[in-house]
Amino acid sequence: MHVHQSLSMAIQQFILLFLVVNIRYERYIHASDLHEIPNVSFSNSLPTIPFLSSTTNQYLRDQLVFLTEQFSSLTLPSTERMMREVYTQSSDTFIIEKRNLSELVIEMANYTNLAIMKKLEAIRNLVSISEQSYRRFAETDETSRNATAKFMEKHGYLSSKHVENVTINITNENASLVSPVMSMTTTSTALLIGNDSFILEELSTQTSFSTTTTDPNVDISSEDGQSVNEVDNEYKALKKDLYIQQKKHFGGAFVNITHSTVHVPTIIYYLNKEILLTANWSYNLNQAFIDNYNHDPELTWQYFCSQTGLYRVWPGHKWEYPEGDTEKLDLFDCRVQNWYIRATSSPRDVIILIDASGSMTGLKKSIAVQTVETILDTLSDDDFVQIIKFQEEPEFVDECFQNGLVQATFENRHRFRETVNSPFKTKDIANFSKALNMAFNILDDARTNISRTENVRLLCQCHYLTTDNLTDAQREAFCPSDFNVTHVDEDEEPFLDSTGCNKMIMIVTDGATETASSVFLNRNWTPNNVSTCHPYETRVFTYMIGRELGDPKHIRWMSCANKGYFAHVSTLEDIQENVEDYIPVTARPIAMYNDHVTVWSSVFLDVERTLPIKTYKWFPFKFHDLSMSMDEFKNKSKPVHLMISIAQPVLNPPKQKKDETILLGAVGVDIPVKLIQEFSPKYRLGVHAYSFMINHNGYLMFHPDLRPVLGPYRKQNYHSIDLDMVEIPDNLMRFVHPLPASNIQDIRKDMILSKENQHSARVKKHLDDMRRIEVVEQKYYYATLGDKESNPFSLGIVVRFPYGEYHVRTTEPDTEKVQIALRFILQRNVRIADWIYCNSTAEDDIGDTEESFRGYLKEKIETRHIRSCPYKASKQLIYMMIEELFIMSKFENWTKTGAIDREHQKPMEKSAHLDFKAFEHEHHLHWIFLATRSGITAYWRLSNQANEDHIRQFGDVNPNSIESNYYERTINATYFYGADHIHGKHHIYSLFYGISNVPSTNSQMSNDNYTNTTEGHSTSFTASHMYLVITTGIWMNQSSGRSNNMRNVPFGVFGVMLPYKTVRSTHFSDLCNQLETGVCYIIDENGYIMFISQQQGVDRTDDVGKFLGEFEGAVMQDLVVKKIFSEEKMVDFQGVCLQRQLRSEKSSGFMFRSILHTISVMIWNIINHIAMFLVRDILVFPQWTYASRKSNHNNQNFTFETPLPRTHVRESLSNVLLTHIDFRRPILDHRELNSSREDESIGRIPSSCIEEFNLYVSTWKGWEGALPSKDNKVKWEEVERANTVHGSVSCTQYAKETIDDSNENGTNSSTVEPTIIFSESFSYSISKIPKSNLMLLYVNHSKEASISCPKLIIKRKPVEFTREEWCTRLKTTPYRERPHKCFFVHEGENQTLFSKCSYAIRLTDRYSIIVSLVFILQMFFLQNKS
């Protein structure tokens, strides 16, 4: 009885807990909805609203004058003037030239192509060495191979998973591996057997400088220094020391540059004979790797992947497991990496047929689904795919893709994965003939459409896609049907939904009762000269699913009769190895033609180089804490580098029929994108200019707006970001698909077609981490990199006119200038851009940009030349930097003595120097700085109270001067405001936040933002200190006289940095203090608050930096209507979202049903797990591997007829982490304010998404003439009239009141009537502060209005697609270029060498033994139990 009562109480408590959670959730969702969509309205045209009084207007006019004077006083006008004077004195050394940008981009493309061709030479060398080494190995007999295998088993090889790191530190290392003290010719052991000699793997690595030559008759196991008890005897031979050192050139990794290491997948035995022999003959590559690096020091990772699964990589290093792989399962297999598959086979059109008959249930269905997933993972953006499930009738598996092929993009593959994992009904029998006919129809239609719309010689080719080297007669004889194709209109779009190359059908089934021979006879074996011109043009691969291997003869026959391959997949662990078997088959034509096709990967991150293909599934990124701010999350990022890989197959053409191995593997080289960008550097392009590169798919290889990571999260789709996803046309008001026609798409198509051209386009460019926006006209120049067969890239550069077409250079400096520049740069207050200045490898080895630059200066002083830098453009940069450092040195001399340099000791403008000294003693001026076009930024400290940590943080945020936000904003604004920019009268005001750790006893805790951080027993507080940064542009032209016919060119940005609170208290403490009502704001050109009046003693400093719309939404909307601000719609194609659970119904009945449903699901899951454990893990084979533990529970035989209702929506990660609080600045107490920290409705696994949001920018120029002074007759009333706009708005807030009505029939109904809870009308006035980017806004409303009126929040909104919109987007193939070579058939494949099309017999024998053994053990167990 007591137990029964306890159980009842527990159930009651459980139900009560569910009710509380549901009620709290409903309240939260309801409140959230009201916050996001306030039930308010406003109007901007109410004539009854009283305007501001004349007294108020006069006061605001006085405030405008006062603010203009105050802001001008903060700019150090006399010091700024002296900086310009110093520049002017050096004007004769500068040469401003108008350049031909079309020639410039061609020059950059040619240099880039030359660098790429050097990488191709390295690849070809690796291919040659690999093939020669294998041929020598292939000539040995079985006795020699056995002896070699025994030797290798005894002495081992350098296994990257078994080596032990020994770190060494070496200074003054050289980029090349050839040095007087280090001989890099790797010696090795030769094992002589008969008359054959072949190279063996290194036996020991006692140092990182040499390879020990060891007698093969000597047992070296004792040298390991470890007892048998400490090391597993089986792998003791693999336990070796690897001497490593950190190399910046290899992404900061610890490597051994004298040895390569070997990786073997976990599913393969490390000491397998095949692996040992491959490790042996492939060791010759070690010296090839080193030779390549000596010849081209820009090379990074080089590697060879054998078809056996062995992966040899240089430089040697210990294997790094991906984050999340805590058990070190190592699921990496080089044979299924994208670069390997693309190198070993031509692009393909793939039809996957999945058996959905009644026998495909339970485990067989799970295996089938994961087999399809694994096939999808082997595809790339160059491939096209379709999946069909078949029973009695075949049908497309996905509701979006209901006809034809679709490009195998990341999104489409992900869509297919979701579809095959969703429950689908299995029934009836499988009709193979109908399914195959449907597959052939799709493939034939695709091939026919390509020929019809493009009129290319494509139908009958067996080697190249083009035969341009043939005469018309030869072409007609080669492919007669090509001359009978239908000509189409030029306006008709080409057919893009096919590769026009390999055709493959993959069948996943548990067996077949027919061969469907008639289908193959009519559709594949006999050419029809319409869609098929060769027999056996479509390959068929079959995968038989299930433990019980019935009669596979029909399934095996289908693949063997159609140049395919048969595999038996009995368990989840067998999937990957068996799916890989199709790759050597598709490589046959390539090997038969012996043509080493060069393939290039899409861009990828260096940290993903060794990640398994299913990282997204096995180790997904998860958020463990949603209470952080976005800035905190971004600061968790680790350094990453973008890479591109180049690969070629390693082949063994079947010239001698004794060896059936024709695909040996593939070799590859990784190229850092930074090295490719080196040939189109920022310093040659200038401010607001940049370079970019795309491939044949239109995908970006590099671009300043390519953002592959957000904090520690790697975005899913960054490999396939298209050009029109970062260059947003100004007329794109919202996301639609396909995107509307624009000049950007014309540019993209031209570049894909390798055209050299130029275009103009008006685009939206974002700044300041997408918090600001500008709409600008840009010019695009582009050129191809050369031979499309060697590389598929096109290079483009973007500039802004007119100043973008001018180039600045300087004369070669004398030795004295170089010495002065060297002395100046040795100071702590100078920072240079982290660019590659001349020799990337040498500078990487030095490891410090400034140190490498100082080396060039010392070389110039000692030899009067810079011979170590062979590039003319790089030397020009160094000369420019020397001249600008000389200018900085002269300015610093003026700040100290009042004289420009030591030769001219007479002070210049003594009053200016006195003003500067006066400023220097004022505590509100901390720093001044100069940023130049050559990448140098110099800082001068003016106050003892200035915090050096904060200026260092400012430099970290803005490391490269002309790429910094403040630099670009300043140059853009000063140019926009016309003639004033040459005289420096226009200034840009912005904010910067410095972070400090201060003791907990600091007396200023009450005045700043602090976050408590505790380490051990000590407590410190992180404080945020705000600074006002004032900048102006330094412009010059070709002559010191500044003639009007010469174009002005930006040379740099001069700025001052002041502590915000000091400035506010000394200059703006009385802002609008005489106004009894309302509030005054000083906002910048993007609507962010710079200053705010402190009405009635309320400190609103925390609101500085926020967007005005958060407090004055109605006013902001009215400013848009009056065109003071422009509302620009921005689309971010690289957004990141989380899943948010949808709101449930609020009825009690639904709540009760949801509780019952939750309980029933819990009970059912418990029963289901117990049952599956008993059936699958005890009675059948135990699934001990990681892959089976991760099998998807959705792959059970559910039979839902209709799709489940939607339960989640996407929410922007920015919205979740920021929750609309302090959009501009870091939140140190964010955890207190962020409501997401306990929100269980938000998912923790992010995904890529498209986001829309509004940004605001003002292009209001206001008064453009001279300001009132004693030298002119201008009055402030004139300025005020041109600079001031008045307006009025009204806002009303409603509450919804529900009224229940009872009808005569007894039923209840409800109506919703709005009730006004607040209404107010008020006026405002906005004035532009002359010569600045600031505006004074006065809003005359009550406190209640600022709280109750609508908010205008800059909030990202994920694009939600309808089913039709989403399907259209996925099915639409952007314009792309097909590969220039295609290999899919060869007559030589008919020879008996390729008659073997499966390992089914071996597999059958193996599993029959296992089944028999398990059966005996089970019988023995049952007998003992009885």
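Since the model is a prediction, treat every value here as computed from it, not as a measurement.

Participant: Describe the overall build of the chain, with residues and values.
Facilitator: Secondary structure summary: the chain contains 40 helices and 46 strands in total. Expressed as a percentage of the 1426 residues in the chain, the buried residues total 56%. Of the contacts formed within the chain by residues at least 6 apart in sequence, a portion of 77% connects residues at least 24 apart. In the form shown here, the chain has an accessible surface area of approximately 61800 Å², with 52% of it arising from carbon and sulfur atoms.

Participant: Could you give an account of the state of the cysteines, naming the residues involved and the relevant values?
Facilitator: For the structure on display, the rule yields 5 disulfides. Residue pairing for Cys1291: its cysteine sulfur links by disulfide to Cys1349, the two sulfurs lying 1.8 Å apart. Of this pair, Cys1291 sits in strand 43 (residues 1284-1302) while Cys1349 sits in the loop between helix 38 (1343-1348) and strand 46 (1357-1358), placing them 58 residues apart in sequence. Comparing Cys1291 with Cys1349, the two get one shared label, buried.

Participant: Describe in detail the side chain of Asp398, supporting the description with residues and values.
Facilitator: With respect to the helices, strands and loops of the structure, Asp398 is situated in the loop between strand 13 (394-396) and strand 14 (406-407). Of the residues examined, Asp398 reaches a relative accessible area of 1% and is grouped as buried. Within the structure, the side chain of Asp398 is placed 2.8 Å from the side chain of Arg415, a separation counted as a polar contact. A polar contact of 2.4 Å, which involves the side chain of Asp398, links it to the side chain of Thr419. Ignoring sequence-local partners within four residues, the contact set of Asp398 consists of Arg415, Phe416 and Thr419.

Participant: I'd like a rundown of helix 14 (residues 553-560), residues and numbers included.
Facilitator: Ile555, Met558 and Ser559 are the residues of helix 14 that are buried. The arc that holds every buried residue of helix 14, seen down its axis, measures 90 degrees, which confines them to one face.

Participant: Account for the nonpolar core, with residues named and values stated.
Facilitator: Counting 287 residues, the largest nonpolar core has Phe71, Tyr543, Tyr780, Phe1051, Tyr1081, Ile1082 and Phe1091 as its most contacted members. The greatest single-element share of this core, amounting to 14 residues, is contributed by helix 4 (residues 101-138). Beyond its immediate stretch of four places on either side in the chain, Tyr543 contacts Thr371, Ile375, Met506, Ile507, Val508, Thr509, Ala567, Val569, Asn578, Val579 and Tyr582. Listed in part, the 30 residues of the second largest apolar core include Ile351, Phe432, Ile450 and Ile505.

Participant: Tell me about the pattern of salt bridges, and please be specific about residues and values.
Facilitator: The tally for this structure, following the rule as stated, stands at 57 salt bridges. Among the salt bridges present, the one from Lys119 reaches Asp296, with a minimum N-O distance of 3.1 Å. Of this pair, Lys119 sits in helix 4 while Asp296 sits in the loop between helix 7 (285-295) and strand 9 (302-306), placing them 177 residues apart in sequence. A relative accessible area of 2% places Lys119 in the buried class. The exposure class assigned to Asp296 is buried, which follows from its relative accessible area of 2%. One network of salt bridges, in which partners are shared, links Asp398, Glu399, Arg415, Arg1363 and Glu1364.

Participant: So what's going on with the side chain of Glu608? Which residues, and what values?
Facilitator: Its place among the elements puts Glu608 in the loop between strand 19 (604-605) and helix 18 (615-618). Judged by relative accessible area, which is 18%, Glu608 ranks as buried. In terms of polar contacts, Glu608 uses its side chain to reach the side chain of Arg714, at 3.2 Å.

Participant: Explain the sheet that holds strand 27 (residues 757-767) to me, using residue names and the numbers behind them.
Facilitator: Taken in spatial order, the 6 strands line up as 23-22-29-28-27-26 in an open sheet, and their pairing is antiparallel. For this open sheet the edge positions go to strand 23 (700-702) and strand 26 (728-729), each flanked by a neighbour on one side alone. Relative to strand 28 (residues 772-784), strand 27 runs antiparallel, the two being bridged by 11 bridges. Its bridge partner lying in strand 28, His766 is registered against Ile773. Across the sheet, helix 4 touches strand 22 (690-694), strand 27, strand 28 and strand 29 (794-799), and the angle it forms with strand 29 is around 140 degrees.

Participant: Explain the pairing of strand 17 (residues 565-569) to me, using residue names and the numbers behind them.
Facilitator: For strand 17, the buried fraction is high: 5 of the 5 residues fall into the buried class. A two-sided burial pattern is seen for strand 17, the buried positions comprising Tyr565, Ala567 and Val569 on one face and Phe566 and His568 on the other. Direction of pairing for strand 16 (residues 538-545) relative to strand 17: parallel, over a ladder of 5 bridges. Within the sheet, the bridge partner assigned to Ile545 lies in strand 17 and is Val569.

Participant: Could you give an account of the packing of aromatic side chains, with specific residues and numbers?
Facilitator: In this structure the tally under the stated criterion is 50 aromatic pairs. Where Trp319 meets Phe332, the ring centres are 5.2 Å apart and the plane angle is 50 degrees; that geometry is what we call tilted. Taken as a pair, Trp319 in the loop between strand 10 (311-314) and helix 8 (338-344) and Phe332 in the loop between strand 10 and helix 8 lie far apart in primary sequence, 13 residues in all. Taking the relative accessible area as the measure of exposure, Trp319 reaches 5% and is therefore buried. These aromatic residues form a ring-pair network of at least three members: Tyr303, Tyr311, Trp319, Phe332, Trp339 and Tyr340. The ring of Phe424 has Lys365 lying over it, and the distance from NZ or CZ to the ring centre is 4.0 Å. The ring of Phe1111 has Arg1100 lying over it, and the distance from NZ or CZ to the ring centre is 5.1 Å.

Participant: Report on the confidence of the model for the chain, specifying residues and quantitative values.
Facilitator: Averaged over all residues, the pLDDT of the chain equals 77, while 73% of them reach at least 70. Contacts of residues 1039-1045 to residues separated by more than four positions or lying in other chains number 6 contacts, the stretch itself having pLDDT below 50. Ignoring residues within four places in sequence, the model shows residues 1302-1311, a span with pLDDT below 50, making 15 contacts including any to other chains.

Reading the values: the criteria
Residues numbered from 1 in each chain as written. Predicted model: local features only at pLDDT ≥ 70, side-chain atom pairs only at ≥ 80, totals over all residues. Heavy atoms only, no water. Helix = DSSP H or I, 4+ residues; strand = E, 2+ residues; numbered from the N terminus. Buried < 20%, exposed > 50% of the residue type's maximum accessible area, 1.4 Å probe, protein only. Contact = heavy atoms within 4.5 Å. Areas by Shrake-Rupley, 256 points an atom, 1.4 Å probe, with all protein chains shown as cover. Disulfide = S-S within 2.5 Å. Polar contact = N/O pair within 3.5 Å; in protein donor to acceptor, adjacent residues only side chain to side chain. Arc of directions from axis to C-beta. Core = buried A, V, L, I, M, F, W, Y, C linked by side-chain atoms within 4.5 Å. Salt bridge = Lys/Arg side-chain N within 4 Å of Asp/Glu carboxyl O. Pairing = 2+ DSSP bridges. Axes fitted to C-alpha atoms, helices over the stretch in contact; angles between N-to-C directions. Phe/Tyr/Trp six-rings, centres within 6.5 Å; stacked < 30°, edge-to-face > 60°. Lys NZ or Arg CZ within 6 Å of the ring centre and 35° of its normal. pLDDT = per-residue confidence, 0-100.

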